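# Survey of secondary and tertiary structure
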Amino acid sequence: MDDLNNEYEYDSCQKQQIAEAMLHGHMSYGRGDAHDMPRSMQIIEPQTPLFPSGPQGQLHSQPLSPDNSILGCGNSVSSSRRIYPFPYSDPGTPGISKSSDLSKDFGYGSVAWKERVDNWKSKQEKLQETATEVVVPSNGTKVDSVDENGTDVADTMMDEARQPLSRKVGIASSLINPYRMVIVLRLAVLGFFFRYRILNPVPNAFGLWLTSIVCEIWFAFSWILDQFPKWFPINRETYLDRLSLRYERDGEPSQLAAVDVFVSTVDPMKEPPLVTANTVLSILAVDYPVDKVSCYVSDDGAAMLTFEALSETSEFARKWVPFCKNFNIEPRGPEVYFSQKIDYLKDKVQPNFVKERRAMKREYEEFKVRINSLVAKAHKVPDEGWIMKDGTPWPGNNTRDHPGMIQVFLGHSGGLDTEGNELPRLVYVSREKRPGFNHHKKAGAMNALVRVSAVLTNAPYFLNLDCDHYINNSKALREAMCFMMDPTVGRKVCYVQFPQRFDGIDLNDRYANRNTVFFDINMKGLDGIQGPVYVGTGCCFRRQALYGYEPPIQPKKKTMTCDCLPGWCCGTRQTKVKSQKSKKTEKNHDPSQTDLPVPTSNLEDIEEGMEDNKSFTMSKKNFEKRFGQSPVFLASTLLEEGGVPLSVSPAGLLKEAIHVISCGYEDKTDWGLEIGWIYGSVTEDILTGFKMHARGWRSIYCMPERPAFKGTAPINLSDRLNQVLRWALGSVEIFLSRHCPLWYGYGARLKFLERFAYINTIVYPLTSIPLLVYCTLPAICLLTGKFIIPTISNIASLWFLGLFLSIIATGILEMRWSGVGIEEWWRNEQFWVIGGVSAHLFAVIQGFLKVLAGIDTNFTVTSKGSDDQDQFAELYLFKWTSLLIPPTTLLVINLVGVVAGISDAISSGYSSWGPLFGKLFFAFWVIVHLYPFLKGLMGRQNRTPTIVIVWSVLLASIFSLLWVRIDPFLIRVTGPNLKQCGINC
């Protein structure tokens, strides 16, 4: 019988010993004197216990009980505990001691160290030998697979626990096979279509014809990149009951892995503190063991308002969390829960629920008033800056020059709810900012959170959320663990991506904010290849994958000595003894390229000869060069199952946490290059996921029936276009970088169709150029009387008809297997044109200027809320932006062209109506796609800024006049025009 608990586990005790040894080995050769260290900020807690335990009990068991802190200006909202600046390395502060020679204790280069490694290897061999003989329960006792009567010991529940935690659900063949057939048919029709178009030019409008051919070829190439990664779409199911049976047995501590949750915010004036507070409250109330959850809030703007709001949130959480768990509340964000227009008494049987709900709603309203008062006070910044209660300035008054700050609001035993139960940890983090350093915006803030969490809690998995994305499904973490902790597929999964869902979008979804086609069609297709791309939020990561390690490699099957005879005849090849050269190559192997979280290079260094300290010193230096100068953090990277080294004091942990968020920590390391969030693009999410897939990891797309997370989206036209502009600019930056999927990662483990998908994510903004030109052609044709297609025969018309039918059939079949509605599909098509001729075009221009000329572009954070009482007031809010000019100009010139074409047909007689229909269809195709843009331009009261109308009409008039004067696409007549003056010229 299989070993359920240890089938895929390694000896955690030995890894803990290795981490401890490396930790003290780093400490032994110095951290420098105190005066060499930068000044930072830290909460001084005289007796701060250590952080709580991790998934395998490797973390500290001592409780953390910090007092809540609140900072204020003048009369603060509540009492405060002082935040003190101090030199980084304080000899008087208990922490990491400078050991003169710890190698004697841990045996580096000694026989004891080599015996420790040999013991570790022998345990691995024994584990493999006994894996199929016994079942090892969680209490560690050995149980025979059969009893004295020869019957199986495992009962029905054990059999259920042995089953996979998730499974693939393929698309029905009756849905997917016709879809694939239509795609192949469409390819064939495209081939015949382009053959006809290329072999039949238009002599009297050769320029128009050639321009249209180039645009159509690019559209076909773009369609191929988008279509073929959707060839193998799949669905997935999870089994939460099996997860509980396997890792949460009655009477035993939960064996679920610990999870750190990251929330990032920058400007509380644009990202309302109440929104962030609701996200934090939904995390603290999640359905997961409280000692396994830690919430880290990154305040990259060092705002005192965010700090105070978080303090208020921690106090309200003491009442909100038990209410949610006692009555099984969904969702667990109070703002959304109390604003739901549903029967909140459904499925509620507790007699006191109504009374408790009313009391909690009153408590939440009072909480909102306190947050609103903080926001109102923050609008008026004192001349001297914010002052704390003890009279000292707030460290973050200068947002570009301030020390690092960490505050623990809730801890293992320091934060209890109103019923005396523990609450998850809540940690405020603001990394150090200094002039002259490149802080890398959000990517740098996320990397700082990775290091802080590794030092303080070091959970093996972490979830990242934007500040406006609350947990809508309290079992979201369990859904992710069904994949991460699945012994069959989990070890190769680098992250589990959830779809983004949004609240507050108008019913018609005018600007395709839901992005349903991408999340319900494209992402399902990628899940059948190597996994979905990382989209920046709602993603649960494996920490070791983000550290740059490779996934476990499946052992290769034994090959025969020859290919012509069967294996039973020739036998299997004998494994050759490694040469000294191959040993040397493996010895120098980069630790990031290993398939185990304990770098292979270290074990091989020890195996090859730890008699001298030189080889191990080189290994330590390699780790420092890769991860930075922090012994606690380096030791944490070796713990695959998470946990904090046991030998570090509480003050030492906090001091190391401050150190790893200093602005100079990443200098001359691989942070942002090979590990963590990758730098070099404003869309760091795409780049980060691509690097992990290139190493051979796979990702999972999880779509639970109840959406896991929900957020807000900018539903007005200007904010939506600016959001799309930022995404497109990031794609252009990746296209011009060394990480471009067109040339990066060949020879690695990135699958071919997965590369197709990544190429599509970075070249799609370039489609804006041919799209803009193609949308201009209808107006040109109507104004000049020429067309891009010659008079076609009946046979040639079949190719045009076949192409249109195949496009329609592809869309219909795609909607069938995905469940996407036709209205959502059509909105996506419309916004593809709107965004293509506006935001994508500007992104291409700005991207090339930024990369080639060094001209950087700053983006404002899109608004996360509205003060208007109307739910969709933001939909009609208009903000001036230059992105509105190109689509407005296209609308004007196409409308002018339609009027001019119809007027000319009326004056020319009946014979001119036939050729006019093709041109009108072309022009109406453009106008219909831009119709949502036209509605947004007019607003609720049809108010359009005068500057938009003036610029658009001016550009359209100039274009029309120049066209009449230059007429570049028509053949020039060198002699007299006989049609007008005959032989009398």
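Residues numbered from 1 in each chain as written. Predicted model: local features only at pLDDT ≥ 70, side-chain atom pairs only at ≥ 80, totals over all residues. Heavy atoms only, no water.

Let us look at the state of the cysteines. Between two cysteines, a covalent bond joining their sulfur atoms is known as a disulfide. The final tally for this structure, using the stated rule, is 0 disulfides. Cys 539 supplies the cysteine sulfur nearest to Cys 494, a cysteine that is in no disulfide, at a spacing of 7.7 Å. (Disulfide = S-S within 2.5 Å.)

Across all of its chains, the model carries 47 aromatic pairs by this definition. With a centroid separation of 6.1 Å and an interplanar angle of 80°, the aromatic rings of Phe 262 and Tyr 296 are classed as edge-to-face. Residue Phe 262 is found in strand β7 (residues 259-265), and its partner Tyr 296 is found in strand β8 (residues 293-299); the two are separated by 34 residues along the sequence. Residue Phe 262 shares its accessibility class with Tyr 296, and that shared class is buried. Ring geometry for Tyr 534 against Trp 677: centres 6.3 Å apart, planes inclined by 65°, an arrangement best described as edge-to-face. Highlighted residues: Tyr 534 in the loop between α14 (516-527) and β15 (539-542) and Trp 677 in the loop between α21 (650-660) and α22 (684-694), separated in sequence by 143 residues. Note that Arg 626 overlies the ring of Phe 627, its terminal NZ or CZ placed 5.8 Å from the centroid. Over the ring of Tyr 746 we find Arg 755, and its NZ or CZ is 3.8 Å from the ring centre. (Phe/Tyr/Trp six-rings, centres within 6.5 Å; stacked < 30°, edge-to-face > 60°. Helix = DSSP H or I, 4+ residues; strand = E, 2+ residues; numbered from the N terminus. Buried < 20%, exposed > 50% of the residue type's maximum accessible area, 1.4 Å probe, protein only. Lys NZ or Arg CZ within 6 Å of the ring centre and 35° of its normal.)

Before going further, it helps to spend a moment on the pairing of strand β16 (residues 698-701). Judged by which residues are buried, β16 turns out to be covered on both faces: Arg 698 and Ile 700 on one side and Ser 699 and Tyr 701 on the other are all buried. As defined by bridge partners, strand β13 (residues 493-497) adjoins β16 across 4 bridges and the pair is classed as parallel. Paired with Val 493 across the strands is Arg 698, a residue of β16. (Pairing = 2+ DSSP bridges.)

In this section: the sheet that holds strand β9 (residues 405-410). As summarised here, the arrangement of the 8 strands in space is β9-β10-β8-β7-β11-β15-β13-β16, forming an open sheet in which the pairing is mixed. Each end of this open sheet is capped by a strand with a single partner; those strands are β9 and β16. Adjacent strand axes in the sheet meet at a mean angle of 20° when their direction is disregarded. As paired strands, β13 and β15 are joined by 3 bridges and run antiparallel to one another. What sits directly across from Tyr 495, in β15, is Phe 541. (Axes fitted to C-alpha atoms, helices over the stretch in contact; angles between N-to-C directions.)

Time to look at the UniProt feature "transmembrane region" (unreviewed entry) in the protein chain. Mapped onto the present numbering, the UniProt feature "transmembrane region" (unreviewed entry) falls on residues 176-194, 206-225, 762-783, 795-813, 833-855, 876-896, 916-934 and 946-966. Each end of residues 762-783 is marked by a C-alpha atom, and these two atoms are 36 Å apart; helix forms 82% of the span and strand 0%. (UniProt positions renumbered as here; feature names shortened; annotations may be inferred.)

Before going further, it helps to examine the environment of Asn 177. Within the fold, Asn 177 resides in helix α5 (residues 173-199). Between the C-alpha atom of Asn 177 and that of Leu 813, which follows or precedes it by 636 residues, the distance is 9.8 Å.

As recorded in UniProt, the feature "active site" (unreviewed entry) lies at Asp 300 and Asp 685. Inspection of the secondary structure assignment puts Asp 300 in the loop between β8 and α9 (304-327). Its relative accessible area of 11% is what places Asp 300 among the buried residues. Those residues in contact with Asp 300, other than ones at most four positions away along the chain, are Thr 265, Val 266, Arg 431, Lys 433, Lys 441 and Ala 445. (Contact = heavy atoms within 4.5 Å.)

Before going further, it helps to examine the pattern of salt bridges. Taken as a whole and assessed by the stated rule, the structure comprises 31 salt bridges. Arg 695 is the salt-bridge partner of Glu 674, the closest N and O atoms lying 3.7 Å from each other. Taken together, the residues Glu 674 in the loop between α21 and α22 and Arg 695 in the loop between α22 and β16 connect sequence positions 21 residues apart. Arg 695 sits in the buried class, given a relative accessible area of 10%. The network of salt bridges with shared partners includes Glu 248, Asp 287, Lys 475 and Arg 478. (Salt bridge = Lys/Arg side-chain N within 4 Å of Asp/Glu carboxyl O.)

Below, the discussion takes up the environment of Gln 530. Summarising the element assignment, Gln 530 is placed in the loop between α14 and β15. Of the residues examined, Gln 530 reaches a relative accessible area of 3% and is grouped as buried. Between the alpha carbons of Gln 530 and Trp 697 there is a distance of 7.9 Å; along the sequence they are 167 residues apart. Other than its neighbours up to four places away in sequence, Gln 530 contacts His 693, Gly 696, Trp 697, Arg 698, Ser 699, Arg 749, Leu 750, Lys 751 and Glu 754. In terms of polar contacts, Gln 530 uses its side chain to reach the backbone carbonyl oxygen of His 693, at 2.9 Å. Within the structure, Gln 530 has its side chain in polar contact with the backbone oxygen of Trp 697 (distance 2.9 Å). (Polar contact = N/O pair within 3.5 Å; in protein donor to acceptor, adjacent residues only side chain to side chain.)

A separate point is unusual backbone geometry. Pro 331 follows Glu 330 through a cis peptide bond whose omega is -10°. By the element assignment, Pro 331 lies in the loop between α9 and α10 (334-339). Positioned with a positive phi, Lys 668 is a non-glycine residue whose angle comes to about 60°. Inspection of the secondary structure assignment puts Lys 668 in the loop between α21 and α22.

Among the nonpolar cores identified, the biggest contains 143 residues, and Leu 456, Phe 541, Phe 633 and Trp 677 are the most heavily contacted of them. Ignoring sequence-local partners within four residues, the contact set of Trp 677 consists of Ala 443, Met 446, Asn 447, Val 450, Phe 462, Asn 464, Tyr 534, Phe 541, Leu 546, Gly 672, Glu 684 and Thr 688. Core analysis: the second largest hydrophobic core is formed by 74 residues, Phe 307, Phe 323, Tyr 364 and Tyr 461 among them. (Core = buried A, V, L, I, M, F, W, Y, C linked by side-chain atoms within 4.5 Å.)

With that settled, consider the packing of helix α23 (residues 717-735) against helix α24 (residues 752-763). Running from amino to carboxyl end, α23 crosses α24 at an angle of 115°, the nearest separation of the two axes being 7 Å. Contacts between α23 and α24 involve Ser 731, Ile 734 and Phe 735 on the former and, on the latter, Thr 761, Ile 762 and Val 763. Within the contact of α23 with α24, the residues separate by chemical class into 4 nonpolar, 2 polar and no charged. (Nonpolar A, V, L, I, M, F, W, Y, C, P; charged D, E, K, R; others polar.)

The next subject is the confidence of the model for the protein chain. When the pLDDT values of the protein chain are averaged, the result is 75; 68% of them are 70 or greater. This model gives residues 1-10 a pLDDT under 50, and the stretch forms 37 contacts once residues within four places in sequence are excluded. Segment residues 130-144 is flagged for pLDDT under 50; beyond a separation of four residues in sequence, or across chains, it makes 29 contacts in the model. (pLDDT = per-residue confidence, 0-100.)

The next subject is the side chain of Gln 497. Among the structural elements, Gln 497 can be located in strand β13. A relative accessible area of 0% places Gln 497 in the buried class. Among the polar contacts made by the side chain of Gln 497, one reaches the main-chain amide nitrogen of Val 535 at a distance of 3.3 Å. Side-chain polar atoms of Gln 497 contact the backbone oxygen of Thr 537, separated by 3.0 Å.

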